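Overview (structure and organization)
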Amino acid sequence: MRIHRYKPQTFDLPTLNGISDKQIEVHLELYKGYVKHVNHIREQIKDLTETDSAKYAYAIAELRRRLGFEFNGMRMHEYYFTQLEGGAQAVDPDAALVQALTEKYGSFEGFIEHFTTVGMTRGVGWVILYADPKGGTVHTAWISEHELGQLGSLPVLLAIDMWEHAFMVDYLPAEKKQYIDAFLNNVNWETVAKRFECCES
Ligand SMILES: [Fe+2]
């Protein structure tokens, strides 16, 4: 079996408002760790399988259990940083995304309020806005760690990292709401709207 080696993506990030360059630098290093560990886990599964798959069956199974954490950690951070590229861009009120958000949450502002409330969930995790082409709607979900609670195969539209490493260079835990506000103010909504266009049914 040939193992594909993932490489860290680079992001063209502007100076953000309310999220410092140092915070981003620290966070990007952490992202690279996920990429490294995706490769590491998959190589270890291959090596142990080729060495003695019966003897190492338990170790191989435990490595497989960890893959979702590392792989989603890699991919979720790619969504996170990509949506900040190009700097803050206001949402187009005529975008199909806004229509879908308005149908679900009453208005775009209603969505922002809901997304922020979910972001204040206790513990570390992510908030993800998904498109659901089959259901003809969108969903906002809390994801513990990176792999627990993901909605099966739904395309990710917007993702905020609510692990403390994502904001503690700039904000105290009690200031989590300020981080969410800063993040939402830096989002390039053109990128988010385009993600939605790709999965309209
Ligand atoms: Fe993170």
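Nothing here was measured: the structure is a model prediction, and the numbers come from that model.

Basis of the calculations
Residues numbered from 1 in each chain as written. Predicted model: local features only at pLDDT ≥ 70, side-chain atom pairs only at ≥ 80, totals over all residues. Heavy atoms only, no water. Donors = N, O, S within 2.8 Å, 3.2 Å for Na, K, Ca; no water. Helix = DSSP H or I, 4+ residues; strand = E, 2+ residues; numbered from the N terminus. Buried < 20%, exposed > 50% of the residue type's maximum accessible area, 1.4 Å probe, protein only. Domains from an automatic or database assignment. Contact = heavy atoms within 4.5 Å. Buried area = accessible area lost by both parts, 1.4 Å probe. Pairing = 2+ DSSP bridges. Axes fitted to C-alpha atoms, helices over the stretch in contact; angles between N-to-C directions.

Remarks on the coordination of the iron ion
In the first shell of the iron ion, the protein supplies His27 (NE2), His77 (NE2), Asp161 (OD) and His165 (NE2), at 1.8 to 2.2 Å from the metal. Donor residues for the iron ion, ordered by position in the chain, follow H-x49-H-x83-D-x3-H. With histidine 27 in helix α1 (residues 21-52) and histidine 77 in helix α2 (residues 57-82), this residue pair connects regions lying 50 residues apart in the sequence. For the pair shown, histidine 27 and histidine 77 are each scored as buried.

Focus on the domain arrangement of the protein
One can read the domain layout of the protein as domain 1 (21-82) and domain 2 (96-197). Here the C-alpha centroids of domain 1 and domain 2 sit 24 Å apart. Each partner contributes to the interface: domain 1 provides 15 residues, whereas domain 2 provides 21 residues. Carbon and sulfur atoms make up 64% of the surface buried where domain 1 meets domain 2, a total of about 1,500 Å² over both sides.

A look at the sheet that holds strand β3 (residues 156-161)
Taken together, the three strands give an open sheet; going across it, the order is β2-β1-β3, and neighbouring strands pair in antiparallel fashion. The open sheet terminates on both sides in strands that have one partner only, identified here as β2 (137-144) and β3. On average, each strand axis in the sheet is tilted by 15° relative to the strand beside it, whichever way the strands run. When strand β1 (residues 125-132) meets β2, the two strands line up antiparallel, connected through eight bridges. Its bridge partner lying in β2, glycine 125 is registered against serine 144. Sitting on the sheet, α2 is in contact with β1 and β3, with an inclination near 95° to β3. Those strands touched by helix α6 (residues 189-197) are β1, β2 and β3, and its axis lies near 135° from that of β3.

Some words on unusual backbone geometry
Here glutamate 145, not a glycine, exhibits a phi torsion of approximately 50°, which is positive. By the element assignment, glutamate 145 lies in the loop between β2 and β3. Assessed through its relative accessible area of 29%, glutamate 145 is described here as partly exposed. For serine 153, which is not glycine, the phi dihedral falls at a positive 65°. Note on placement: serine 153 falls in the loop between β2 and β3.

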